[in-house]
Amino acid sequence: MAPSRCPCIFLRHQVVRGNAGITYMAVVTCLWPGCLHCCALAPSRFQECLWGNERKVADVDTQGVEDPKLFMWPGKGVYAVFGRKPEALGASPYCKDPIFVQFVVQVVAEEPGGEWSIPRPTELKPGIFAEQLYSRDPKKHQEPIKEKNWMPFVWQEQLMMVHSVFPHRVFRVNSSGIAVQQFVTSSSDWFAPFKDEHIHGGPPLILVPGAASNTGHSYYMGIFHFFQTFGEGSNKVKAYHHYAYRVEAAPPFRVCGVSSEIQLVTRKRNADKQASGWTHQRIWKDTSQTAYISGLFLDGDIVHLSYGSSDIDARLLSMSIVDVEALFAGSSWDCSGAQVLDNGTGEPLPQALQSLLASGNAEEQTLHSVSSRSGSLGSGVPRRTEYHHMHHRHRRSHHRDHKNLRRLAGPL
């Protein structure tokens, strides 16, 4: 595949190399803003607004790209979704609500030009659904709005974005970044164990074919997280927890299962400061138990999860699909408990897709549509890697440090 117009990021044999290191299978997303700055994100091309207002400058501000996530759209190329402050427009340099937004940009184009050629970062917006999300009681003090962790996936050549996990709100987005249709469901039974947690999104969703699944169904798999805090003052620590969840492979994209917790490596293993192995890792906050999964990719029967560990290390967890589905043990395939709150208000789907949904074959056609265009995606990359046993005695899964990706990918 030819290099992109951005010299610091290019794709070859499904391996992306940036100045933050090598990205295997477009999974390990860039952890440093410079990885995307060489394109249209350079400060000379994009002037961020400032937090605060004319009366008071904010005590804390941030600059640059946050949580970039790469996903592949077969036939179109590689795209990135990331968070950043909005562009400063108008007379005031300060941000208006929302003060943090999501962007999409095309990183590598398989077919230059066309509707989905997005060379400059385009802000993702809720469009006509903003009023539902941002309506407030003006008499009550409210925190500024931050749009974070939109989770992209492609369904039937339509770009979809999971805006929230619970309720499960999925936007269909046009090439201008505007949400034109939404599907909303609520699966209270599956999320009952997390009723006291503030659930956040994660990496792009992947499509798991029914032939590879013990459910017999094709489905999208996503990952959500929440964090818990303990300690006081400067010793306060955030402990992150990640879970996979299954989504039916057609609108309204009901949630059909939630896994047990995904075990990630951080620089501290537990919350007890008196225990051995404590590593007090401080930047401007304690990040010893911070972990964030930003990449998710299915390569044959192997699921790759890339994540930042303790805001210091880049890691890759690779598990067989058998091991991943074992995390759903005791969680049978069941979408029936989901309450459909919105079955597609907004701009109607193209007539051909409406007919497909009416036929009842949308799940089967979703898999056929992707497999017929993706070919042998991911083949040809040698799997020279070390592993250690994880949760299951006779199954293999492994963590790879970022430095080992160079050896895995080989010379480009």
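In this convention, every chain numbers its residues from 1, walking through the sequence in written order. Only residues with pLDDT of at least 70 are given local features in this predicted model, and only at 80 or more are side-chain atom pairs given and counted; all residues enter the totals for whole chains, interfaces and linings. The basis for every side-chain value is the complete set of heavy atoms in the structure, and neither hydrogens nor water enter the calculation.

Caption draft 1: Structural view of the overall build of the protein. Summing up its helical and strand segments, the protein has seven helices and 20 strands in all. It only takes one pair of heavy atoms within 4.5 Å for two residues to be counted as in contact. Once local pairs closer than 6 in sequence are excluded, the contacts in the protein between residues at least 24 apart make up 61%. Note on areas: Shrake-Rupley with a 1.4 Å probe; residue coverage comes only from the protein chains shown. Of the roughly 19300 Å² that the protein leaves accessible, carbon and sulfur atoms contribute 50%. Numbering goes from the N terminus for both helices and strands, where a helix is a DSSP run of H or I of at least four residues and a strand is a run of E of at least two.

Caption draft 2: Spotlight on the nonpolar core. Remark: nonpolar core denotes a set of buried residues (Ala, Val, Leu, Ile, Met, Phe, Trp, Tyr, Cys) joined through side-chain atoms within 4.5 Å. We call a residue buried when its accessible area falls under 20% of the maximum for its residue type, exposed when it is over 50%, and partly exposed in between, using a 1.4 Å probe and counting protein chains only. Phe153, Trp155, Tyr220, Phe224, Tyr245 and Phe253 are the most contacted members of the largest nonpolar core, which has 27 residues in total. When contributions to this core are tallied by element, the ones reaching two or more residues are strand 8 (151-155), strand 9 (158-164), strand 13 (219-230), strand 14 (237-248), strand 15 (255-262) and helix 5 (351-359). Grouped together as the second largest cluster of nonpolar side chains are 21 residues, Val208, Ala244, Ile321 and Val324 included.

Caption draft 3: A look at the sheet that holds strand 7 (residues 122-124). Strands sit in the order 4-5-6-7 across an open sheet of four strands; the sheet is antiparallel. The two strands at the open ends of the sheet, each matched to only one other strand, are strand 4 (66-73) and strand 7. Between one strand axis and the next, the sheet turns through 30° on average, direction left out of account. Only strands that DSSP links by at least two bridges are regarded as paired with each other. Strand direction decides the pairing type here: strand 6 (residues 101-109) and strand 7, joined by three bridges, are antiparallel. Among the inter-strand pairings, Gln102 is bridged to a residue of strand 7, identified as Leu124. In this analysis an axis means a line fitted to C-alpha atoms, helices contributing only their contacting stretch, and an angle means the value between N-to-C directions, from 0 to 180 degrees.

Caption draft 4: View of the sheet that holds strand 12 (residues 206-208). What the four strands build is an open sheet, ordered 12-13-14-15; its pairing is antiparallel. The open sheet has two edge strands with one neighbour each: strand 12 and strand 15. Taking each pair of neighbouring strands and ignoring which way they run, the sheet shows an average axis angle of 35°. Pairing between strand 13 and strand 14: twelve bridges, direction antiparallel. Among the inter-strand pairings, Phe230 is bridged to a residue of strand 14, identified as Val237.

Caption draft 5: A look at the pattern of salt bridges. The rule for a salt bridge is simple: a side-chain nitrogen of Lys or Arg has to be within 4 Å of a carboxyl oxygen of Asp or Glu. Inspection of every chain in the model, using the stated rule, returns twelve salt bridges. Note that Lys85 and Asp61 form a salt bridge whose closest N and O atoms lie 2.6 Å from each other. With a gap of 24 residues between them, Lys85 in the loop between strand 5 (77-84) and strand 6 and Asp61 in the loop between helix 1 (34-37) and strand 4 connect regions that are remote in the sequence. When its relative accessible area of 2% is taken as the criterion, Lys85 is described as buried. Here Asp196 ties to Lys195 by a salt bridge, and the two come within 3.4 Å at their closest N and O atoms. Each member of the pair, Asp196 together with Lys195, is exposed. Linked by salt bridges that have partners in common, Glu48, Asp61, Arg84 and Lys85 make up one network.

Caption draft 6: Just the confidence of the model for the protein, in detail. Across the protein, pLDDT averages 77, with 71% of residues at or above 70. pLDDT is a per-residue confidence score from the predictor, ranging from 0 to 100. Per-residue pLDDT stays below 50 along residues 273-281; that stretch engages in 19 contacts with residues further than four places along the chain or on separate chains.

Caption draft 7: Structural detail: the pairing of strand 13. With three bridges connecting them, strand 12 and strand 13 associate as antiparallel partners. Opposite Leu207, over in strand 13, you have Tyr220 as the bridge partner.

Caption draft 8: Quick peek at the packing of aromatic side chains. Two rings belonging to Phe, Tyr or Trp (six-membered ring only in the last case) form a pair when the distance between their centres is within 6.5 Å. Interplanar angles under 30 degrees mark stacking, angles over 60 mark edge-to-face geometry, and anything in between is tilted. Tallying each qualifying case throughout the model produces 21 aromatic pairs. Ring geometry for Phe82 versus Phe103: centroids 5.5 Å apart, planes at 15°, classification stacked. Highlighted residues: Phe82 in strand 5 and Phe103 in strand 6, separated in sequence by 21 residues. Phe103 matches Phe82 in its accessibility class, with the two residues each being buried. Seen from their ring centres, Trp150 and Phe171 are 5.7 Å apart, and the 55° between their planes marks the pair as tilted. Residue Trp150 is located in the loop between helix 2 (130-134) and strand 8, and its partner Phe171 is located in strand 10 (residues 168-173); the two are separated by 21 residues in the primary sequence. The exposure class of Trp150 is buried, given its relative accessible area of 0%. In this structure an aromatic cluster arises from ring pairing among Phe166, Phe191, Phe194, Phe224, Phe226, Tyr243 and Tyr245. Criterion for a charge above a ring: Arg CZ or Lys NZ at most 6 Å from the ring centre, at most 35 degrees from the ring normal. Sitting over the ring of Trp51, Lys85 keeps its end group 5.8 Å from the ring centre. In this structure, Lys148 packs its charged tip against the face of Phe100, placed 5.9 Å from the ring centre.

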